[in-house]
Every structure is written in structure tokens, then in C-alpha cells.
Amino acid sequence: MTERDRDFRAEARPGARETEGALSRIRLRDRDAELRSAEAAVDKLCRDFAAGGTEIGELLTFSGRPGIGKTSLLHEVRRIAKLREGATVLFARGGERQFNEPYHVLRQLLQPVLGAMEPDEFSQVMGTWEEVVGPAMGLKQPRKGARRLDPQGVRDGLDFVLTQLAPRRAPLVMIVDDLHWADLESLGWLAQFAVRARELPVLLVFAYRDDSADWQQETQEHQRAVAGLATRRHELSRLSLVAVTDMIRAELGDKAEDAFCYEFWNVVNGNPFEVVALLDQVRDQELEPVEENSQQLRELAVDATGMTLKSWLDRLGAATLRFAWAAAMLGTDIRPDLATRISAQTAEGARESVKELRKQRVLTATPNGNLEFVHPLIASSIYNTMPEATRTGMHGVAAAEIENAGLGLLAASRHLVETFAGEGDDRTVRKLRRAASEHLLIGAPEAAQRCLHRALAEPPDDQDRAEVLYELGCSALLTDPAATVNQLRLALDPEEGPLRPSMRIDATFRLSEVLAHSGELRQAAVVCQEEAEKTTGDPEGRLRLEAASFMWHAYRKSEEDGPARSARLGALCESLTGREAADRAVLALRAWDLTLRGEPSAEVLRHADDVLDNGRLPKGLGWTDNTWGFELPATLGLSYTYSDRIAQAERLFSDAIVQFEVAGWSGAHRGFAYFLMGLARFRRGLLAEAEDFLRRALRLSERISARLPLAWDAVGVLIDTLIARGRSQEAWELAIDFGFHPPYHPTAMVLPDAASLYGKLLLAVGRPAGAAAALTEAGAQLDVRGWHNTVWAPWAGHLAIALAQDEPERARAYARRSVVDAERFGTASAIGTALRLHAQIEDGQQAVELLERAVAHLGQSPAGYEHAVALVDLGAALRRVGRLEDAQEYLYQGIELAQHCAADGLVDRARRELANYGLRPNRLGDARETLSQPEWDIAELAVRGVPPQRIADHLALPLSLVNRRLAAVYRKAGSGPDGLAAALGLPPAQRDGSDPLDGPGGPGGPDSLGEGFSLGR
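To keep things clear, this report deals only with the structure shown in the data block. (Residues numbered from 1 in each chain as written. Predicted model: local features only at pLDDT ≥ 70, side-chain atom pairs only at ≥ 80, totals over all residues. Heavy atoms only, no water.)

### Looking at the pattern of salt bridges
Okay, so step 1: This structure, assessed with the given rule, holds 74 salt bridges.
Okay, so step 2: Put simply, R84 and E39 hold a salt bridge, and the shortest N to O gap is 3.1 Å. Residue R84 is located in the loop between α4 (70-83) and β2 (88-93), and its partner E39 is located in helix α3 (residues 32-50); the two are separated by 45 residues in the primary sequence.
Okay, so step 3: Residues R812 and E842 are paired through a salt bridge, measuring 3.2 Å at the closest nitrogen-oxygen approach. Taken together, the residues R812 in helix α41 (residues 808-825) and E842 in the loop between α42 (828-839) and α43 (844-858) connect sequence positions 30 residues apart.
Okay, so step 4: Shared partners join several salt bridges into a network, and the residues in it are E691, R695, R725, R727, E730 and D904. (Salt bridge = Lys/Arg side-chain N within 4 Å of Asp/Glu carboxyl O. Helix = DSSP H or I, 4+ residues; strand = E, 2+ residues; numbered from the N terminus.)

This is the structure:
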């Protein structure tokens, strides 16, 4: 601290007493009920926490018009909370001048408590979010090479930090004054956190104006959300005549006449701020408080509350007013040395200004020795009296002085955007561009855009204009797709100036990304292809654009040139000679293209494996890589998912979730990763987990924007998952709600195919005619594109079922086609599922044979749910041909696997199948009831100590089958050989050295098991 700073703080400190005196005049006037409510809220928090409570949070709000006394009430709440033993009090205030300073309010709240922590505790509180929350809260610099943060990621990180901080500093009271002037980054999080605060030992206390009609819509929405969540909500009314009269007589003496007090009350309309201001005017004018002087009150009130430039000049003088202007520009927590330099005063002159401003009750001191305005309305009044030229000029000075003081471009940028435009100052443009980049690194894209818009207004040199437009477009990538499209198109427009070739390629790719994520897939592909044709001097850049064009075409619902484009992609793939990122990108796209076409999965996996390095994504193709985006590794993971290499896909998708969280990308990126993991879990047959991931993806999508393509993708697989879980009606309602029916979503990146899934859904709800129409449409559309993958779009097998009753021959043709296509692709799950669907339109032994083949294939695949369905179908088919014992075994196996998959509907169907034909349906929770009869036969012998080979000989079964059934017995019983008897409630084996198969009936005879045993149940 400089000597001048110490002098200023020594001079400013006495002003605190003046503010305290002013506040004491109004603090308790007519506010008893509100104070009791606040004290009760603080006491309840402390009491409940002391009793062991954790989910005890509340929200207390005070609202009212300007000057009604909100700040005074919060001052009292703050004092009350600080008096409670063990309570931690965090305080912040919104500032009219700092409304556009990102995280200004949250930094006031959190910096003191987080910055004071020991390193170990700080790391625990931050967890994996340190590189996200730390820079945003000004607690550390972004690490070198850090990527821009997603604002939603910062909000999620703050959620985590507060859930760690609150129990450590509980009971915690968080107070925010002037919430209506909180920056949108802070306000958005506070509104969101108010919901979660109920789960923590936290009392939130907010004060805000209720005259917000002219404010930004986003501010109004957040403020309404806060108001709706308050458990204790107080709208402050004007002071009563009695309260104002008491204040007048306390200030002017008991001689104040009733008529004077009544007129005074009418003039100020019971507003506490106006009461104090008018009392100051009455005292300064030495006006006697008698009835005949009451008519002068209105004129004095105009001077007191509607301060004009002239009135402030008259009251303060030019030099002192200039210092006040500088202070008003700085906002809250005003550093005297900065205000001195901005106002261009000497140290002595500034000290005199501070004295006068303290005397006039304009400024006071903060606990840290800086300055603040006695009331924010005074700050607004002073700032608004500044002539425009003076204001913009002083903002320029403020920007320079803040930067010179080492506070950085982030702090200076809000002043830079208020400076004169139209001078073409390259230095200003460079600073604004750097500030925008720094704002993006802390997750404040709107602040970055304000800087870049201001840079364009400067304006930049002609050769830089397109680059600024490019930076402006990229700044909105995660938050405003429409703005990104417009700005990137301008950046690519030659009339806006030259754009470096590498930047032009990246701008084209970014434009295509935003178009694709907005559903404009064809346009995204065309943009890349057209730019690729113009790119001649950069082979890698050209390849990047060509690959992107292929990628976006691959996600489209329909395309006239599909087979030819696939051939061109194949030729491009064959021409590759290197192992660079661009080459591997083309290999990944070819793997997905072959997957959709249903080409042999061995070819798919050959290309896919060539992309990876030891099972991991190579450098340049990572999930958070800026060159290719997350779509490329997603495409690779999808190829693995549909090619029965689900474990490999899950490793990729798990990495995506982790990397997006570490990078702070909590919006569409993480939502898409959840969708991909949900799809993989569905393919594996872990339906409950799949539903959880898909619903998380859907929630993330809907909090970003309504009906994004991400939502469509998640809903598509969620519908499939609900059908598999036996909740077809719920799936139908979800489909109707999201428009998942003809003509389908016009802009969707559909995974899986929409028409195919819709047909399957119609079958599930018992509408085969509608299903046949939808599936016929799906088949025609996919045939045009040459896409024949029966796992991604099993339309032919389901169409066969829809046609079976009315057109059996046509149905068989489609069923056979499905099997042929599946055998061409070659995965066990594809073949097994196609055979299972074929069996549904056949009867008798033919159905049994198809299902036996299906079970054999699916037993070698990771598709657990499909395997369970095939087992149940086979059990039902065996029952229909009279093979009840075999039917029972397969039904029990199907039930067990369906339970593991959380396929409740399939479990119920299998149990009904057993019950309807006199077979014993299993019941959950009893291992004895989960075993089939053949498994019981083997279990009883095993408990007697008969070794597997002798069991096989005794029952005339293959040893391999005995071992499989024994494994099922141990798994279902939850025990190995030693505890099997107890688990099944059977007598333990006699260890007397005799052969357990010897008995009255002779070796191996029917009575050889001894008393208490029976081969039946």
C-alpha cells in the first residue's frame, strides 16, 4: 500500500460513522415484522444445524421500490448473523456500473472465504473443478493453453464448490444486496442455486427492486424465479406517518408541528431514502418545521432527490464533483488512488474532495479502507449528471489506469467498451480482442461479445475486420448459434476483408458445426464441400473440410447421392498414406459409413482400430480438440457400439464425460456424451442405466434450448429403452410430446433411424397397420441411401411382423432379407436379433429352430436384453410344441437375464408364460424359486458332493451343459459349493466316505439320494 493510499484511508474512515448515523435514523422504523422474520430465519438455521440438520436451507427476500430501506434491512440481517456463534456470513452487492462485469457479485461473495483457505482444504473444496471455478472467481489465472469455458460448466462447478463449502462453513448466511444490478453470470447462478440451497445448511438473503420492467428480459426472468422460491418473502411498504414524524422530531426537535410533518410525509411518500435526503435539505436551509414553511418542502425535495448537474456543482464544486464522477464510474469498493488518477487530481486535492464528499454524505468508507457511496441512488444520480463527452473520456482514462494498476484487461474492459468509437485506434482494437479472449477463458461469452462488438465499432483495419468477425462468431459457439452463423458468414464474406487461409478453414468448419447442431445438416455439408473446392494450397485443411462434409451428410435422414458419396469416401480412404489426424478422421468416417451400409463388421473394425493408439484417441482427435470437434470421436464410438464392441465404445464415451467435465463443458457437449453412453448401455442391455443417462442428456438439452437435435437423439433411444422395459404407453406419450412421428423432426440428427423406431413403437402399442406404413417408408428411404444395417435400423424385421397376419408371404420375404443383411454385417447381435424377429412370424418347429439359432448367436454377443428376449421367445415356442421341461429352463434363464437388464415387462411376460401352463413362475428374493427344474436336479446332486462328471453320467448329460447349469446355480444362489446347501435350504452332505450315489436302489438308482431329497419340487 502506498503512502497516499494510507492517507486516503485514514481520511475516509470517519465517514463510516456518518453513514451509521444516517442508517440509524431509518433502520428500525416500521420494519419490526421484517426484522423478526430475518432473525427467526437466522436462528432457525443455527438451531437446526446445531441439532444435526443438513438440508435446512431457506431463501429470504426483501423487495420494494428504490430507497424503501432494503439496504438498511440487509445491514441489520448481516449484523444479526455475525452475532451468532459459528455462523459464516458472506456479503455482496450488485452495482449499476458493474452490471456487465462478469461474476462481479459472486467474486465478492466467494473470494474472501475461498482465498483464505489452506491449500489442502482449497483443493478439497474445488475438487476437479479448480481449473474451471478458480479462474472464473479470480482466484487463479487460467492455465497455459486452456480452452474457453462453457458458462454452464462454470455454473455446475460453482454448484459443486458450494456443496463442499457449505458444510465446512456452516451455518452459512449468503447476503446479496441490489440483486437487480447483479451481473447476469452471477444472477443466473444464484437463481439456479436457490433451488439447491434447500439441501444445504445455507440461508440466502436477497434484496432487489420490484420496478424492473425496463431491465433486460433475462434479469427479469431470474428475478421472478428467485421470488417464486422464497420461503420468507417481504415486499417493503412505505413508512407510516407516525414513523416519519418520529424521524423528523428526532432530527429537528419536538418543535416540529403536526401539519409540517404531515406535508413532509406526503412529499416523500413514506420513502426512507427521501426522508433522510429531505431532512438534510431542511437542516441545511435552517428551515423551521412549522406549518407555514411546509409549502417549501416540495421545492426542497426536488433538489434533494432529483440532483441535476447544476445542483451537484453548487453543492460540491467542480473539483469535488469530478472526483465523485470518477468514484461513480468505479462503482463499488472504490480505490481512492484510482479515483484520484481518473479525476486527474493531486493527492492533496483528492483528500479535500474526499473530506467534502464525506461531509455531504455522498461517500463513506468500507471495512477494507476503500470508499463506497452512502446509497446507490446517490451514485446513479452523480453518474447520470456527467456530460457525454466527459463520461466517455473518463472511461478511457479509467481503462488505462486500471490496467496500469495491474488489475488486468478483464477489469479494464468494461470501461473500454464505453469509450469513444470511430477513431480507428489499432491499440484499442488489440486490447478489446485480448480482453474478449480472457473473458472466454472464464466462461463469460457475453462479455467477450461486448468487447468484440466494440472493436468492430472502432473500427479495426480492413485486413483485421474479418478476423474480428470470426472471433465474434466463435465467442457465441456455446451460447448463441444464430449469432454465430451470422457472424461467421460475414467473416467468410470477401467484402468484409481478407481472412487468413487457416482461419478461413476453421471458420468454415465452425459454421458447419453450428448449422449441423441447429439441424441444418445439408447446409452444413454443402458449406464445407464448397469451401474445400476453393482450398488449393492447404491439403490438410482441404481434407478437413471434405471429411466434415462427409460427416454431416452421414447424419442426414435422406440424401439423393448416398451410394455415390460412399464410394467417393471409400476412394478417399484408400488414397490415404499417412497417419496424421486428418487421415485418421477419414478412417473414422469410413468406419461409420460401412456401419450404416451394413458392410462386414470386420471391415468396420479394421478401419476403426486404425484410428486409435492402443485403444485411445490420438492427439488431435480428442473430445475437446478444437480442430475436429466432438462429432468425430462420437462417430467412431458409434461404429464400435453397433459392431458389438460396446466395451470399447463405453471407454470412449466415459472419457468424453470426464474430459467435458474437466474442461467445464457442461452444455450440449456433456449432454451428447450422456446420450452416447445411454445408447451404449441400451445396446448392452443395462436398461435402467441407459434410461438414467438418456434422461440426463434430455435435461441438459432442455435447459440450453427447446427441442435441440440432442433432445431428439436422446428421446429416440429413450423411446427404445422404455419399450424394452415394458413401458410402451410411456414411450408413446414421449414420442407424441416430442413430435417423434411423421413427418418427424425436420432438422434432426437421428440416431437411431426415426421412421424405423416409430414403426417399432406402433407395433409395441398394438397398431400394426400404422407400423407397416412407417416401416415401409423407412425401408424405401434407407434403400435409396444404401444403408442396410439391421441393428441401427431393424425396419425389415419389424415390417415382417407388421405384415404377418395380412400378407404372410411378403412378411417372410422381409424377414429373410433382414437375416441376409444381418449375416452380411456379421455381428452376433445383428444375426441373433434378425433370427428372433423372423421367428415371430413362423410357427411350430420352424420357429423353435430359428430361435435356437438366435439364442446361440446372442449368447455370444454383449446385447443382454436381446439375448433375454430370445430366451423368453424360445421358451414360449418350446412350450407351444410340447417341450415343457426345456421351455421351463429357457424361460427361467430369460427371466434371470431380464431381471439383470431391468426389463420388467419381459419378466412379467415370461412369468405369465410359466404360470399359464402350470409351470412354476419364479419369485424374486428366494434363490430356491429362481432355479429351473434341470438346475434343481444338478443342485441337489452337487449338495450331496457328487462331482460334475458323475452328475453328467448319472443324468446322461454333456459335461459342458452340467458345468453351465452349475454356474447358473451358484450365481442364482449367491454362494459357492460350500454354502450351497444352506442357500437352497437343503440338508448338507454326509461326509462319511460313502459314495453319494449309492443307496437302496443301487449305484445311481432312483432312490440313491437319501431321505429328504427329491428330483422334483
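So much for the structure itself; the text now carries on.
### Focus: helix α30 (residues 581-597)
Every α-helical turn comprises 3.6 residues, leaving residues that sit three or four positions apart pointing alike.
Okay, so step 1: Over its 17 residues, α30 runs 24 Å from end to end, which matches the ideal 24 Å to within 8%, given 1.5 Å per residue.
Okay, so step 2: The buried count for α30 comes to 17 of 17 residues, which makes it a mostly enclosed element. (Expected span 1.5 Å × (residues − 1). Buried < 20%, exposed > 50% of the residue type's maximum accessible area, 1.4 Å probe, protein only.)

### Some remarks on a negative patch on the surface
Okay, so step 1: A cluster of acidic side chains, namely E218, E221, E446 and D480, defines a negative patch on the protein surface.
Okay, so step 2: Locating E221 in the fold gives a position in helix α10 (residues 217-229). (Patch = residues over 30% accessible without salt bridge, like charges linked within 9 Å, V, L, I, M, F, W, Y side chains within 5 Å. Areas by Shrake-Rupley, 256 points an atom, 1.4 Å probe, with all protein chains shown as cover. Lys, Arg positive; Asp, Glu negative; His and termini not counted. Charge placed at Lys NZ, Arg CZ, Asp CG, Glu CD.)

### Details of the nonpolar core
Okay, so step 1: Among the nonpolar cores identified, the biggest contains 212 residues, and L363, F373, I382, W552, W623, I719 and W795 are the most heavily contacted of them.
Okay, so step 2: When residues no more than four places from it in sequence are discounted, the contact partners of I382 are W312, L321, A324, W325, A328, V362 and F373.
Okay, so step 3: Counting 52 residues, the second largest nonpolar core, distinct from the first, contains A92, V105, V133 and I442. (Core = buried A, V, L, I, M, F, W, Y, C linked by side-chain atoms within 4.5 Å. Contact = heavy atoms within 4.5 Å.)

### Points about the sheet that holds strand β5 (residues 232-235)
Okay, so step 1: Strand order in the open sheet made by the five strands is β2-β3-β4-β1-β5, with parallel pairing throughout. Lying at the two open borders of the sheet, with one neighbouring strand each, are β2 and β5. When strand polarity is set aside, the average angle formed by the axes of neighbouring strands in this sheet is 10°.
Okay, so step 2: Strand direction decides the pairing type here: strand β1 (residues 58-64) and β5, joined by four bridges, are parallel. Bridge pairing links T61 to R233 in β5.
Okay, so step 3: Packed on one face of the sheet, helix α5 (residues 104-115) meets β2 and β3 (172-177) and runs near 150° to β2. (Pairing = 2+ DSSP bridges. Axes fitted to C-alpha atoms, helices over the stretch in contact; angles between N-to-C directions.)

### Examining the packing of helix α39 (residues 768-785) against helix α40 (residues 795-803)
The description of two helices packed together rests on the angle between their axes and the distance between the axes.
Okay, so step 1: α40 packs onto α39 with a crossing angle of 150° between their chain directions and a minimal axis gap of 9 Å. Regarding the angle of α39 to α40, the classification is roughly antiparallel. For α39 against α40, the interelement crossing comes out left-handed. Between α39, through P768, A771, A772, L775, T776, A778, G779, L782 and D783, and α40, the contact on the second element is made entirely by W795, H798, L799, A802 and L803.
Okay, so step 2: The residue makeup of the contact of α39 with α40, split by class, is ten nonpolar, three polar and one charged. (Parallel < 35°, antiparallel > 145°, perpendicular 65-115°, else oblique. Left-handed = near helix turned anticlockwise from the far one by under 90°. Nonpolar A, V, L, I, M, F, W, Y, C, P; charged D, E, K, R; others polar.)

### Section: helix α20 (residues 388-404)
Okay, so step 1: For α20, which comprises 17 residues, the first-to-last C-alpha distance of 24 Å matches the rise-based estimate of 24 Å (1.5 Å per residue) to within 8%.
Okay, so step 2: Listed as buried for α20 are T392, M394, H395, A398, A399, E401 and I402.
Okay, so step 3: Residues of α20 that are buried sit in contact with α16 (318-330), α17 (336-342), α19 (376-384) and α21 (408-416).

### Observations regarding the packing of aromatic side chains
What characterises a pair of aromatic rings is the spacing of the ring centres plus the angle enclosed by the ring planes.
Okay, so step 1: If you walk through the whole model with that rule in mind, you get 16 aromatic pairs.
Okay, so step 2: With centroids separated by 6.0 Å and ring planes inclined at 25°, the aromatic side chains of F660 and W665 adopt a geometry described as stacked. Of the two residues, F660 and W665, both sit in the buried class.
Okay, so step 3: Note on W795 and Y814: the rings are 5.8 Å apart at their centroids and 70° apart in plane angle, and the pair reads as edge-to-face. (Phe/Tyr/Trp six-rings, centres within 6.5 Å; stacked < 30°, edge-to-face > 60°.)

### A few points about the side chain of E650
Okay, so step 1: By the element assignment, E650 lies in helix α33 (residues 646-663).
Okay, so step 2: Here the side chain of E650 touches R681 through a polar contact of 2.6 Å, side chain to side chain.
Okay, so step 3: When residues no more than four places from it in sequence are discounted, the contact partners of E650 are M677, A680, R681 and R684. (Polar contact = N/O pair within 3.5 Å; in protein donor to acceptor, adjacent residues only side chain to side chain.)

Structural measurements only, silent on function.
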